[in-house]
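Architecture at a glance
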Amino acid sequence: MLPVIALVGRPNVGKSTLYNRLTKTRDAIVADFAGLTRDRHYGDGKVGPRPYIVVDTGGFEPQRPEGVVSHMASQAELAIEEADAVIFIVDARTGVTPQDHRIAQTLRESGRKIYLAVNKAEGLSAIAGSEFYELGLGVEPFMVSAAHGQGIASLMETVLSPFPEDEEEEKPAEEEEGEHRIRVAIAGRPNVGKSTLVNALLGEERVIAFDMPGTTRDAINIDFEYDGHPFTLVDTAGLRKKGRVFEAIEKFSIVKTLQAIADSNVVVLVIDARSGVAEHDAHIAEYALDSGRALVVAVNKWDGMSAYDRSQLDQQLDMKLRFLHWAKFVHISALKHNGLNHLMKAVQEAYQAAIAKLPTPKLTRALIEAVERQQPPRAGKVRPKMRYAHQGGTNPPVIVIHGNSLQQIGDSYRRYLESWFRDKFNLAGTPLKIEFRTGR
Ligand code: GDP
Ligand code: GDP
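Residues numbered from 1 in each chain as written. Chains lettered and ligands numbered in written order. Predicted model: local features only at pLDDT ≥ 70, side-chain atom pairs only at ≥ 80, totals over all residues.

An unreviewed UniProt entry lists the protein under the name GTPase Der, from Mesosutterella multiformis. Annotation of the protein in UniProt includes, under Function (unreviewed entry), the sentence "GTPase that plays an essential role in the late steps of ribosome biogenesis." (UniProt positions renumbered as here; feature names shortened; annotations may be inferred.)

Next up, the structure:
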């Protein structure tokens, strides 16, 4: 599971600046899940071989006029609770403030691993950091400049060193008697019917293995069979076993959702047909897309809806989730156990597409056909020339195209190629990446 790093500090110390720097390595990750978490931002990044999720706790402490010991915003509290490590940011220019002391105390009580980053330290000597020892955290301050990128690498290397390196290969599904055990994450905002779906899937079929978590912070993964096919349900947005069934834990956790998505092969995004498509639905879908996971959209609570409401909803889905045109949409009723076969079939198909083997000769032939049908536009005097293609990865499939002047190829031609390859190789249900490699 990806480690979660929380950025904590009073306003204006440079949290957002650091957050932007830490999520810069990969662009357009989760923006913010507006509404649910007005004041938190989630993103992911990677330093060296180590990937992580970073949370900007934003409004850690409401700005109060005077020294009432204010309660932490519960959102920030949850972020700290969920974090594997906390970077406490202070401002080298202003020195220690009473608010820093209050935050330090809260952090000490949290029992989390704390790192102290003394920000805005460009041009200052390490001496400037020594006054922050009085915060009593018992750690060495790191002198950093979020704005200028100084000291960040060494800070992050230290913060991340206890956590595992990224497996270079894409996460292969476990081989089981010739058939892959597909790792499925069920994601969606509260009340869309995730636990009902999980119970419906598990209730009918055999649960093979179940790891009871040692603590609430551990993930539960459940192996089960559906219609004779093996799946693993990866811990999803904090579903917990209560008695004989699974229920959503009280607090919806974006971090858990992000970790489950990262840990899966296929994401099932559950949408509530009764309440329509919300912004959070789109955000979760964007994250699944950015992380390259195959995706099935389960439009739940389809039971008892009028034909009119159904067609309204489908139009809304078309419009608001247009960027998921490649994904499979399945209408289900988790409550009435309708559509579950279709859903699980769609999961398998999406997975097959995600791990499809695309042989170089076939890819190259498809590429040549695509170019014959439509050449890439000239860029000034040069016309990009594509020569051959090979597969650079799976889940998601990566198609690497070799040739000359390929840096000139624009987005619209890239999209053309993407949909061409999608059609040719039947890649519905999975994101697809196209990379260009130019010889000269
Ligand atoms: P936040 O409220 O903690 O999220 O703080 P911001 O990231 O919005 O930064 C507050 C101000 O500090 C902004 O004007 C930043 O440009 C500035 N700032 C952030 N990092 C640095 C730094 O490393 N050096 C200096 N000199 N200014 C910084
Ligand atoms: P979660 O928070 O996403 O896990 O949502 P739950 O599974 O707890 O479901 C929230 C509510 O929606 C419960 O009252 C369920 O009974 C109801 N619900 C779930 N699936 C369906 C469905 O397919 N049809 C209808 N009508 N209600 C459903």
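Looking at the sheet that holds strand 5 (residues 113-119)
Spatially, the six strands line up as an open sheet ordered 2-3-1-4-5-6, and their pairing is mixed. Single-partner strands in this sheet number two, and they are strand 2 (41-47) and strand 6 (141-143). Across the sheet, the mean angle from the axis of one strand to that of its neighbour is 30 degrees, orientation sign disregarded. Note: strand 1 (residues 4-8) against strand 3 (residues 50-56), four bridges, orientation parallel. What sits directly across from Ala6, in strand 3, is Val55. (Pairing = 2+ DSSP bridges. Helix = DSSP H or I, 4+ residues; strand = E, 2+ residues; numbered from the N terminus. Axes fitted to C-alpha atoms, helices over the stretch in contact; angles between N-to-C directions.)

Concerning the sheet that holds strand 18 (residues 398-404)
Pairing is mixed in the open sheet, where three strands are placed in the order 17-18-19. Of all the strands in the sheet, just strand 17 (385-393) and strand 19 (433-438) have a single pairing partner and so form its edges. Adjacent strand axes in the sheet meet at a mean angle of 25 degrees when their direction is disregarded. Contacts from helix 11 (residues 360-373) reach strand 17 and strand 18, with the element oriented near 140 degrees to strand 17. (Contact = placed C-beta atoms within 7 Å.)

Considerations on the site of ligand 2
Near ligand 2 you find 15 residues, and of these Gly193, Lys194, Ser195, Thr196 and Leu335 are the closest. Top contributing element to the shell around ligand 2 by residue count: helix 6 (residues 194-204), with three residues. Here the residues of the shell around ligand 2 sort into five nonpolar, seven polar and three charged. (Near = placed C-beta within 6 Å. Nonpolar A, V, L, I, M, F, W, Y, C, P; charged D, E, K, R; others polar.)

Observations regarding the nonpolar core
One finds Phe88, Val268, Leu269, Leu295, Val296, Ala298 and Val347 to be the most contacted residues of the largest nonpolar core, which totals 111 residues. Per-element accounting of this core gives the leading share, nine residues, to helix 10 (residues 340-354). Among residues more than four places away in sequence, those in contact with Leu295 are Val267, Leu269, Ala285, Ala288, Leu324, Ala327, Ala350 and Gly429. (Core = buried A, V, L, I, M, F, W, Y, C linked by C-beta atoms within 7 Å. Buried ≥ 20, exposed ≤ 12 C-beta atoms within 10 Å, placed from the backbone.)

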